[in-house]
Amino acid sequence: MKRILLMNGPNLNMLGIREPGVYGNDSLASIEAEVVAYAEGRDAAVDCFQSNHEGDLIDRLHGAHGHYDGIVYNPGAHTHYSYALRDAVAAIDVPVVEVHISDVDAREEFRKVSVFDGVVLAKIAGHGKKGYLEAVDVILDR
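Description of the structure in this document.

What counts as what
The written sequence of each chain sets the order in which its residues are numbered from 1. This being a predicted model, a pLDDT of at least 70 is required before a residue's local features are given, and a value of 80 or more before pairs of side-chain atoms are given or counted; all residues contribute to the totals for chains, interfaces and linings. Heavy atoms from the whole structure form the basis of all side-chain values; hydrogens and water molecules are not counted. Starting at the N terminus, helices and strands are each numbered in turn, a helix being any DSSP run of H or I of at least four residues and a strand any DSSP run of E of at least two. Only the C-alpha atoms count toward the radius of gyration. The rule for a globule is 2.2 Å times the residue count to the power 0.38. Burial status follows relative accessibility: with a 1.4 Å probe on protein chains alone, a residue under 20% of its type maximum counts as buried, one over 50% as exposed, and anything between as partly exposed. Note on contacts: a residue pair qualifies if any of its non-hydrogen atoms lie within 4.5 Å across the two residues. For the area figures, the Shrake-Rupley method with a 1.4 Å probe applies, and any residue is considered shielded solely by the protein chains shown. We define a nonpolar core as any set of buried Ala, Val, Leu, Ile, Met, Phe, Trp, Tyr and Cys residues linked to one another through side-chain atoms lying within 4.5 Å. To define axes, lines are fitted to C-alpha atoms, for helices over the stretch in contact only, and angles between the resulting N-to-C directions are given on a 0 to 180 degree scale. Roughly parallel here means an angle under 35 degrees, roughly antiparallel means over 145, roughly perpendicular means 65 to 115, and every remaining angle is called oblique. Crossing handedness is defined as follows: a turn of the near helix away from the far one that is anticlockwise and smaller than a right angle gives a left-handed crossing, while the clockwise case is right-handed. As a working rule, the residues Ala, Val, Leu, Ile, Met, Phe, Trp, Tyr, Cys and Pro are called nonpolar, Asp, Glu, Lys and Arg charged, and the rest polar, with Gly in that last group. Under the pairing criterion, centres of Phe, Tyr and Trp rings, with the six-membered ring standing for Trp, must be within 6.5 Å; the plane angle then separates stacked pairs below 30 degrees from edge-to-face pairs above 60, leaving the rest tilted.

Okay, the overall build of the protein chain next. When its secondary structure is counted, the protein chain shows 5 helices and 5 strands. Taken from N to C terminus, the helices and strands of the protein chain fall in the order β-α-α-β-α-β-α-β-β-α. Relative to the globule expectation of 14 Å for 142 residues, the C-alpha radius of gyration of the protein chain, 14 Å, shows essentially globular dimensions. Taking the principal axes of its C-alpha atoms as reference, the protein chain extends roughly 40 × 30 × 25 Å. The buried share of the protein chain, taken over its 142 residues, is 46%. Here the analysis covers contacts within the protein chain between residues at least 6 apart in sequence; of these, 76% occur between residues at least 24 apart. Surface summary for the protein chain: the accessible area is close to 6600 Å², and the carbon and sulfur share equals 49%.

Among the nonpolar cores identified, the biggest contains 22 residues, and Ile4, Leu15, Val35, Val72, Tyr132 and Val136 are the most heavily contacted of them. Of all the secondary-structure elements, those providing two or more residues to this core are β1 (2-8), α2 (28-41), β2 (44-50), β4 (96-100) and α5 (130-141). With 6 residues, α5 is the single largest residue contributor to this core. Counting residues in hydrophobic clusters, the runner-up holds 20 residues, among them Tyr68, Ala88, Phe116 and Val120.

Their axes nearest at 10 Å, the elements α2 and α5 cross at an angle of 30°. With respect to α5, the element α2 is oriented roughly parallel. In the packing of α2 onto α5, the handedness of the crossing is right-handed. Within the contact between the two elements, α2 uses Ile31, Glu34, Val35, Tyr38 and Ala39 and α5 uses Tyr132, Leu133, Val136 and Asp137. Partitioning the contact of α2 with α5 into residue classes produces 7 nonpolar, no polar and 2 charged.

In the contact formed by helix α3 (residues 54-63) and helix α4 (residues 83-91), the axes pass within 9 Å of each other and the chain directions differ by 5°. Between α3 and α4, the crossing angle belongs to the class labelled roughly parallel. Counting all contacts with α3, which are made through Glu54, Leu57, Ile58, Leu61 and His62, the residues of α4 involved are Ala84, Leu85, Ala88 and Val89. Of the residues assigned to the contact of α3 with α4, the class counts are 7 nonpolar, 1 polar and 1 charged.

The relative placement of two aromatic rings is captured by the distance of their centres and the angle of their planes. Taken as a whole and judged by the stated rule, the model has 1 aromatic pair. Between the aromatic rings of tyrosine 73 and phenylalanine 116, the centroid separation amounts to 5.8 Å while the plane-to-plane angle is 85°, which identifies the pairing as edge-to-face. Of this pair, tyrosine 73 sits in strand β3 (residues 70-74) while phenylalanine 116 sits in the loop between β4 and β5 (122-125), and the two are 43 residues apart along the sequence. Just as tyrosine 73 is buried, phenylalanine 116 falls in that class too.

Here's what the structure looks like:
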């Protein structure tokens, strides 16, 4: 059975409360439950992790080596500036799919920049919570 780590970065614990017009009404817990159930239907297991702290996210990425077949990762605001997280993704041999609920390319200029470009397997943006399921498919179908 393949194992996937679902990681969410800063402020994503506020899904369902924070800007529902942009991010929807679903809570992070409900999205995680949907991803877990979807992956189980594809004979895969998912562990979920969210943190607002860069170091905790880096530690989780480093710890993924040898434990996971892929990572679905929404880095939140870290997308645009965290070279430390980018380097952590580059340092591991576990494929990472970057996910964004909103269409970051259609928003403010600063959101159009991802420091993860070039170190992730794929980027899925603007598909809402469905983007997480698409990321699971990318990992399992590779």
